[in-house]
Amino acid sequence: MNKFRLFLVVTVMSFFLSGCVFNETENQQVQTSQAKARILNDETEKVDHTIRVSQLAEQYVEKLEEVERANVIYSNNNAYVAIKQNQYNSLSDVLNQKIADQVRKADNKIHKVYVSVNPDFYTTMNNYAKDIRSGRDKISLYRDFSNTVMNFFGIESE
């Protein structure tokens, strides 16, 4: 009988102890998940999610004879330009430089200027410009915009 009681006590204690260990492991997992979430939030907050339309740069670019319409969006001191051309179908180095000069004339803090004459990209940029002006959630808009720029130009919006 003593062996049975001893066995019963040891078994019951084992269950209690393993329950505590499991609980502790579960709590550690929850704490780890919470810490990861805080880190992600902190990283998200550190990133400059500012993207804005530059009407002035658009006006300057549209003054060029080759350009009918332009969309210019700034992000992190870079400019992303989509143009609709009057009569030409390609982007020469000369036109690319003219556009970059006009953008920098509008804002001398711009480091890089990325230009496209692709009609689909022009439409996409036009939609982003509308979303920016309407005040769409800037974090999700920034994420979408960054993905588009990365996929289209093969770069990240720096």
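Above this note sits the structure.
Quick notes on the rules
Residues numbered from 1 in each chain as written. Predicted model: local features only at pLDDT ≥ 70, side-chain atom pairs only at ≥ 80, totals over all residues. Heavy atoms only, no water. Helix = DSSP H or I, 4+ residues; strand = E, 2+ residues; numbered from the N terminus. Buried < 20%, exposed > 50% of the residue type's maximum accessible area, 1.4 Å probe, protein only. Contact = heavy atoms within 4.5 Å. Areas by Shrake-Rupley, 256 points an atom, 1.4 Å probe, with all protein chains shown as cover. Salt bridge = Lys/Arg side-chain N within 4 Å of Asp/Glu carboxyl O. Pairing = 2+ DSSP bridges. Axes fitted to C-alpha atoms, helices over the stretch in contact; angles between N-to-C directions. Expected span 1.5 Å × (residues − 1). Arc of directions from axis to C-beta.

### A look at the overall build of the protein
Check the secondary structure of the protein and you find five helices and four strands. Counting only residues that meet the buried cut, the protein has 31% of its 158 residues in that class. Look at the contacts in the protein between residues 6 or more apart in sequence, and 61% of them connect residues 24 or more apart. When the accessible surface of the protein is summed, it comes to about 10,700 Å², and 52% of that surface belongs to carbon and sulfur atoms.

### Considerations on the pattern of salt bridges
Summed over all chains, the structure comprises six salt bridges. A salt bridge links Glu58 to Arg133; the shortest N-O distance between them is 3.6 Å. Note that Glu58 is positioned in helix H2 (residues 55-62) and Arg133 in helix H4 (residues 119-134), a separation of 75 residues in sequence. Overall, the relative accessible area of 9% leaves Glu58 in the buried class. As a salt-bridge pair, Asp144 and Arg136 come within 2.3 Å of each other at their nearest N and O atoms. Residue classification places Asp144 among the partly exposed residues on the basis of a relative accessible area of 32%. Here Arg136 falls in the partly exposed class, since its relative accessible area comes to 28%. The network of salt bridges with shared partners includes Asp131, Arg136 and Asp144.

### Re the sheet that holds strand S1 (residues 51-53)
The four strands are arranged S1-S2-S3-S4 in an open sheet whose pairing can be described as mixed. What marks the edges here is a single partner per strand, and that holds for S1 and strand S4 (112-116). The mean angle between the axes of side-by-side strands here comes to 25°, regardless of whether they run parallel or antiparallel. Judged from the three bridges that link them, S1 and strand S2 (residues 67-75) form a sheet pairing that is antiparallel. Residue pairing in the sheet places Arg52 in a bridge with Tyr74 of S2. Sheet strands in contact with helix H5 (residues 138-153) are S1, S2, strand S3 (78-85) and S4, and its direction is about 75° off that of S4.

### Focus: helix H3 (residues 93-106)
Its 14 residues place the ends of H3 20 Å apart at the C-alpha level, agreeing with the 20 Å of an ideal helix rising 1.5 Å per residue. Of all the residues in H3, the buried ones are Leu95, Ile99, Ala100, Gln102, Val103 and Ala106. One side of H3 holds all its buried residues, which, seen down the axis, span an arc of 160°. In H3, the exposed residues that point more than 90 degrees away from the buried face are Asp93, Val94 and Lys105. Of the surrounding elements, those touching the buried residues of H3 are H2, S2, S3 and S4.

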